[in-house]
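# Residue-level structure breakdown
For reference, the chains in residue letters:
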Amino acid sequence: MTGMRYLLCFAAVAVALLIAPVVFPSSVAITTMSLMGVMIIFALSYNMLLGQTGLLSFGHAVYYGLAGFCAAHAMNIIAAGKLPVPLPVIPLVGAAAGLFFGVIFGAVSTRRAGTVFAMISLGLGELVAAFALVLHTFFGGEDGISTNRTKLLAFFGYKFGPQIQVYYLIAFWCFVCIVLMYALTRTPFGRMCNAVRDNPERVEFIGYSTQRVRFQAFVLSAMFAGVAGALAAINFELMNLQSIGAAASGQVLLMSFVGGAGHFAGPVIGAIFVTFLQVSLSDITKAWMLYFGLMFIFIVMYAPGGMAGWLALHWPLLRNGRIVRLLPAYALAAVPMLGLALGGVMLIELAHHMLVQAASDGPQLSIFGIPMNGASPWPWLAALVLFAGGAFGVRAAWPRVADAWGRALAAPGTTKVNS
Amino acid sequence: MNPAIALRDVRKSFGPTEIIRGLNLTVNRGERHAVIGPNGAGKSTMFHLISGRLQASSGVIELKGEDITGLRPYEINRRGLSRSFQITNIFPKLSVYENLRCAVLWSLGYRYAFWRFVDRLKDANERAEEVLEMIGLTARRDTPAGVLAYADQRALEIGVTIAGGADVIMLDEPTAGMSHAETEQAVALIRKVSEGRTLIMVEHDMGVVFGLADRISVLVYGQIIASDTPQAIRANPAVREAYLGEEAPA
């Protein structure tokens with residue numbers, strides 16, 4: 001892509017961030033979008049390690065969480081001392097904290113790559129989480145550390161009480177971080193990160209220390225995670241132990257992977273999608289964690305490039321219009337897939353209801369608004385038929401999809417894809 | 001002037017097995033030096049020792065008069081030695097051009113810079129284009145290196161090796177697995193890129209060896225048994241017995 005197209009892309013991102021609250025003005029939407037902004041920064045920072053440098057970390061929330069606590073304390077100190085520091089610069093405190101802990105823990109963990117790195121990141125994460133439980137003065141124990149963002153110096157009259165003001169603060173930092181992290185991929189350092197990801201051995205024979213590249217990537221990644229952590233502290237006005245633990249580290253891995261670690265935009269898509277599902281699914285079903293797990297397994301097995309990888313696969317066909325050749329096969333496969341999904345959802349919901357809720361609420365439940373009795377065999381049978389029929393149908397339709405792909409690619413003018 | 005490379009009594013053991021057993025070798029500056037020897041003689045191990053991929057158990061390795069024993073590969077590379085690999089060892093997801101540009105960055109002093117755009121580094125891009133043309137992959141510029149044809153990957157392997165401008169080049173079986181026509185092209189490329197530099201090459205194709213090398217060393221069971229001009233090596237009875245045997249070109 002040329003420079004002009006980058007500018008257009010970033011302009012589009014800026015416009016999208018600006019008008020999103022106009023398009024979705026409900027308070028739930030603005031709260032959700034604020035969280036999405038934080039998670040976009042967090043997931044992109046994680047992908048500097050996973051997608052760009054090939055480092056699988058199980059403890060990235062350490063930098064997000066520690067920076068969040070530092071930011072919460074900084075806000076409390078600033079408010080108590082009436083220091084002349086407005087809220088919008090607090091993310092810089094988070095960045096500094098992320099950088100600081102990134103240097104310390106990075107020096108330990110980036111000596112080795114691969115499995116050793118992954119294990120050390122897991123160990124450091126557990127270490128910090130265990131430490132946080134003990135150190136009450138800094139982490140506030142079970143309650144966490146609360147803060148009040150409106151007590152800081154007003155910024156051009158804005159006190160950041162209403163969520164919409166916080167949204168725009170997050171959107172601003174989100175935009176800045178996206179541009180900066182993208183720019184990083186276009187530097188000599190960014191390219192060497194990719195080289196280290198592709199083939200660390202050879203990197204040492206073109207003059208570079210892989211350890212130094214990993215360390216630098218780690219530190220910068222921790223710094224951006226720190227910005228996200230500080231914005232989380234501002235957004236929730238509360239930091240607690242959950243934000244630092246293994247579950248939060250797992251969540252950012254999930255976002256990057258589901259979105260697609262191989263593309264810069266992947267984690268952005270993943271952060272938006274996963275946050276949206278978290279907020280909406282948890283309202284609809286109590287078994288939402290299970291759906292998350294299934295979705296993750298599905299993506300790992302069938303679309304390892306994530307959503308962005310799937311889109312990139314179709315992009316050349318979309319551009320030359322040959323995507324229409326895929327549509328009949330896709331439509332054909334979509335029918336059994338829908339059956340498979342419906343049957344699966346019914347089975348999960350029936351099982352979950354009968355195992356968890358039936359004892360107190362009785363066997364009556366409703367799925368997709370349809371009332372049914374979990375104690376009767378009929379809903380189970382229907383679900384099984386849908387599920388098994390769907391699975392069979394998908395298997396039967398799959399060769400057609402593969403065939404359609406083969407013909408769309410073989411058609412003249414698309415040789416670029418497979419040459 | 002100091003020799004480009006000097007090995008003195010270098011030994012390397014893997015557990016109880018000694019693979020390199022008191023190896024002495026001198027490669028003069030500016031010469032094309034081929035190392036030949038039967039399979040398992042330790043040619044690749046010797047390359048790994050010189051380039052820092054493996055550490056010698058004992059002995060001294062000097063690069064242009066400087067002791068490089070025990071240094072890391074990147075430290076040796078920064079001192080002006082660059083090597084290729086027997087099994088292609090490139091950056092598979094990066095484009096051909098990106099492979100070459102990464103290979104020139106350190107030598108041009110860009111180090112770990114994260115405050116300048118790589119597309120705007122005029123000298124790095126010019127150098128990468130130059131090497132791209134030299135190895136004949138201009139048409140494949142934006143192809144991911146991992147999907148190149150085998151011979152093209154081998155050419156890129158050489159390109160990545162020489163792009164940084166090192167003055168001592170080591171090539172490990174650069175023509176292995178190539179067809180006759182591809183080998184001819186590769187030899188022409190090697191001749192071109194080693195112009196004005198020191199070249200050390202492991203090679204099995206005797207046509208290539210005797211056509212390119214100014215001097216030849218014969219490595220047998222971890223020791224250099226002879227190091228001389230091609231004519232002298234051809235006539236050396238010990239070499240004929242130990243290695244060339246009936247394969248000796250007429």
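Chain B is annotated in an unreviewed UniProt entry as Branched-chain amino acid transport system ATP-binding protein from Camelimonas lactis.

The name that an unreviewed UniProt entry assigns to chain A is Branched-chain amino acid transport system permease protein, with the source organism given as Camelimonas lactis. On record in UniProt, under Subcellular location (unreviewed entry), the comment for chain A is "Cell membrane".

Along chain A, the regular secondary structure elements total 17 helices and 4 strands. Taken against the 2.2 N^0.38 rule, which gives 22 Å for 419 residues, the C-alpha radius of gyration of chain A at 24 Å falls within 12% of a compact globule. For chain A, the spread of C-alpha atoms along the three principal axes comes to 65 × 65 × 45 Å. Across the 419 residues of chain A, 41% fall into the buried class. Restricting to contacts in chain A with at least 6 residues of sequence separation, those with at least 24 account for 79%.

Further remarks concern the overall build of chain B. Within chain B, the regular secondary structure consists of 9 helices and 10 strands. Taking 18 Å as the expected radius of gyration for a compact globule of 250 residues, we find that chain B reaches 18 Å, a close match to that expectation. Based on the C-alpha atoms only, the size of chain B along its principal axes is roughly 55 × 40 × 35 Å. For chain B, long-range pairs separated by at least 24 residues make up 66% of all intrachain contacts whose partners lie at least 6 apart in sequence.

The subject of this paragraph is the packing of helix α4 (residues 90-109) of chain A against helix α5 (residues 114-134) of chain A. Residues and elements named next belong to chain A. Their axes nearest at 10 Å, the elements α4 and α5 cross at an angle of 140 degrees. Of the possible angle classes, the one that applies to α4 and α5 is oblique. Between α4 and α5 lies a crossing whose hand is right-handed. Residues Phe105, Val108 and Ser109 of α4 form the contact with α5, whose own contacting residues are Phe117, Ile120, Ser121 and Leu124.

Take unusual backbone geometry next. Residues and elements named next belong to chain A. Even without glycine at this site, Phe368 takes up a positive phi of about 50 degrees. Position of Phe368 relative to the elements: it lies in the loop between β3 (364-367) and β4 (370-373). For Phe368, a count of 9 C-beta atoms within 10 Å puts it in the exposed group.

Residue and element names in this part refer to chain A. Where helix α3 (residues 61-81) contacts α4, the two axes come as close as 8 Å, and the packing angle between them is 135 degrees. By the angle between their axes, α3 is oblique relative to α4. Judged by the sense of rotation from one axis to the other, the crossing of α3 with α4 is right-handed. Residues Val62, Tyr63, Leu66, Ala67, Gly68, Cys70, Ala71, Ala74 and Met75 of α3 lie in contact with α4, whose contacting residues are Ile90, Val93, Gly94, Ala97, Gly98, Phe101, Gly102 and Phe105. Residues belonging to the contact of α3 with α4 are distributed by class as follows: 13 nonpolar, 4 polar and no charged.

Another aspect to go through is the sheet that holds strand β3 (residues 32-36) of chain B. Paired through backbone hydrogen bonds, the strands of a sheet run either parallel or antiparallel to each other. Residues and elements named next belong to chain B. Judged by pairing direction, the sheet is mixed, and its 6 strands sit side by side in the order β6-β7-β8-β3-β9-β10 without closing on themselves. The outermost strands of the open sheet, each flanked by one partner alone, are β6 (81-83) and β10 (223-228). Neighbour-to-neighbour, the strand axes of the sheet open up by a mean angle of 15 degrees, direction not taken into account. Note: β6 against strand β7 (residues 168-172), 3 bridges, orientation parallel. Looking across to β7, one finds that Arg83 is bridged to Met170. Packed onto the sheet, helix α1 (residues 43-51) meets β3, β6, β7, β8 (198-202) and β9 (215-220) and runs at close to 150 degrees relative to β7.

In this section: the interface of chain B and chain A. Across the contact, 30 residues belong to chain B and 23 residues belong to chain A. Residue assignment for the side of chain B that touches chain A shows that the elements contributing at least two residues are α2 (73-78), β6 and α3 (96-105) of chain B. The residue makeup of the side of chain B that touches chain A, split by class, is 17 nonpolar, 6 polar and 7 charged.

So, on to helix α1 (residues 3-23) of chain A. Quick reminder: α-helices carry 3.6 residues per turn. Residues three or four places apart thus point the same way. Residue and element names in this part refer to chain A. Relative to the 30 Å expected for 21 residues at 1.5 Å per residue, α1 spans 29 Å between its end C-alpha atoms, a close match to the ideal helical length. The largest bend in α1 amounts to roughly 30 degrees and is located at Leu17, with the proline Pro21 lying one to four residues further along. Among the 21 residues of α1, 1 are classified as buried, and the element is accordingly described as predominantly exposed.

A few words now on the pairing of β7(B). Residue and element names in this part refer to chain B. Most of β7 sits inside the fold, with 5 of its 5 residues counted as buried. Of the two faces of β7, both are covered, the one formed by Val168, Met170 and Asp172 as well as the one formed by Ile169 and Leu171. Note: β7 against β8, 5 bridges, orientation parallel. Residue pairing in the sheet places Val168 in a bridge with Thr198 of β8. Each parallel crossover has a hand, and the one from β7 via helix α6 (residues 180-193) to β8 is right-handed.

The subject of this paragraph is the sheet that holds strand β4 (residues 58-63) of chain B. Read from one edge of the open sheet, 4 strands run β2-β1-β4-β5 (chain B), paired in antiparallel fashion. Strands at the two margins of the open sheet, each flanked by one partner only, are β2 (17-27) and β5 (66-67) of chain B.

Residue and element names in this part refer to chain B. For helix α4 (residues 122-134), which comprises 13 residues, the first-to-last C-alpha distance of 18 Å matches the rise-based estimate of 18 Å (1.5 Å per residue) to within 8%. Residues of α4 that are buried include every one of Ala124, Arg127, Ala128, Val131 and Leu132, and no others. Along α4, the residues classed as buried sweep out an arc of 140 degrees about the axis, all on the same side. Residues of α4 that are exposed and point more than 90 degrees away from the buried face comprise Lys122, Asp123, Glu126 and Glu133. Turning to α4, the residues buried within the fold contact α3 and α5 (150-163). Remark: Gly136 follows α4 within two positions and exhibits a positive phi of approximately 70 degrees.

Residues and elements named next belong to chain B. Of all residues in chain B, 97% attain a pLDDT of 70 or more, and the chain-wide mean is 94. Ranking the elements of chain B by mean pLDDT puts helix α9 (residues 237-244) last with 79 and α3 first with 98. The ipTM assigned to the predicted complex is 0.95, against a pTM of 0.93.

Residues and elements named next belong to chain A. With 97% of its residues at a pLDDT of 70 or more, chain A has an overall mean of 93. Here helix α17 (residues 415-418) stands out as the element of chain A with the lowest mean pLDDT, 42, in contrast to helix α10 (residues 210-236), whose mean of 98 is the highest. When the criterion is pLDDT under 50, residues 414-419 qualifies, and its contacts beyond four places in sequence or with other chains add up to 9 contacts.

Time to look at the environment of Gly245(A). Residue and element names in this part refer to chain A. Looking at the secondary structure, you find Gly245 in the loop between β2 (238-239) and α11 (246-259). When the 21 C-beta atoms within 10 Å are taken as the criterion, Gly245 is described as buried. Discounting chain neighbours no more than four positions away, the residues touching Gly245 are Ala61 and Ala129.

Residues and elements named next belong to chain A. Mapped onto the elements, Arg112 comes out in the loop between α4 and α5. Arg112 sits in the partly exposed class, given 14 other C-beta atoms within 10 Å. For the pair Arg112 and Arg214, spaced 102 residues apart in sequence, the C-alpha to C-alpha distance is 8.9 Å.

This part is about the pairing of β9(B). Residues and elements named next belong to chain B. Summarising the sheet, β3 and β9 pair through 4 bridges and their orientation is parallel. Bridging from a neighbouring strand, Val35 pairs with Ser217 of β9. Bridge analysis of β9 against β10 gives 5 bridges, and the strand direction is antiparallel. Bridge assignment links Ser217 to a residue of β10, and that residue is Ser227. Counted along the chain from β9 to the antiparallel partner β10, the turn is 2 residues long, and its residue Tyr221 has a positive phi close to 50 degrees.

Reading the values: rules and limits
- Within each chain, residues carry numbers counting from 1 in the order of the written sequence.
- Written order decides the labels, with chains lettered from A and ligands numbered from 1.
- In keeping with the predicted nature of the model, local features appear solely for residues at pLDDT of at least 70, side-chain atom pairs appear and are counted solely at 80 or more, and the whole-chain, interface and lining totals rest on all residues.
- UniProt positions are given in the numbering used here, feature names are shortened, and annotations may be inferred rather than shown by experiment.
- Helix and strand definitions follow DSSP, with helices as H or I runs of at least four residues and strands as E runs of at least two, each counted in order from the N terminus.
- It is over C-alpha atoms that the radius of gyration is taken, and the globule rule equals 2.2 Å times the number of residues to the power 0.38.
- Residues are called buried when their C-beta atom has 20 or more other C-beta atoms within 10 Å, exposed when it has 12 or fewer, and partly exposed otherwise; all C-beta atoms are positioned from the backbone.
- We call two residues in contact when the distance between their C-beta atoms, placed using the backbone, is within 7 Å.
- Only C-alpha atoms enter the line fits that serve as axes; for helices the fit covers just the stretch in contact. Angles between N-to-C directions range over 0 to 180 degrees.
- Geometric relationships in this document are graded by angle, where less than 35 degrees denotes roughly parallel, more than 145 denotes roughly antiparallel, 65 to 115 denotes roughly perpendicular, and other angles denote oblique.
- Should the near helix be turned anticlockwise from the far one by less than a right angle, the crossing is termed left-handed; should it be turned clockwise, right-handed.
- Asp, Glu, Lys and Arg are counted as charged, while Ala, Val, Leu, Ile, Met, Phe, Trp, Tyr, Cys and Pro are counted as nonpolar; the rest, among them Gly, fall into the polar class.
- Strand pairing is assigned whenever DSSP detects at least two bridges linking the two strands.
- The length a helix should cover is 1.5 Å for every residue beyond the first.
- To get the bend at a given residue, fit one axis to the seven residues ending there, fit another to the seven starting there, and take the angle between those axes.
- Handedness rule for crossovers: strands pointing away from the viewer, path from the first strand over the helix to the second running clockwise, crossover right-handed.
- Summarising the geometry, the arc corresponds to the directions from the helix axis toward the C-beta atoms.
- pLDDT measures the predictor's confidence residue by residue and takes values from 0 up to 100.

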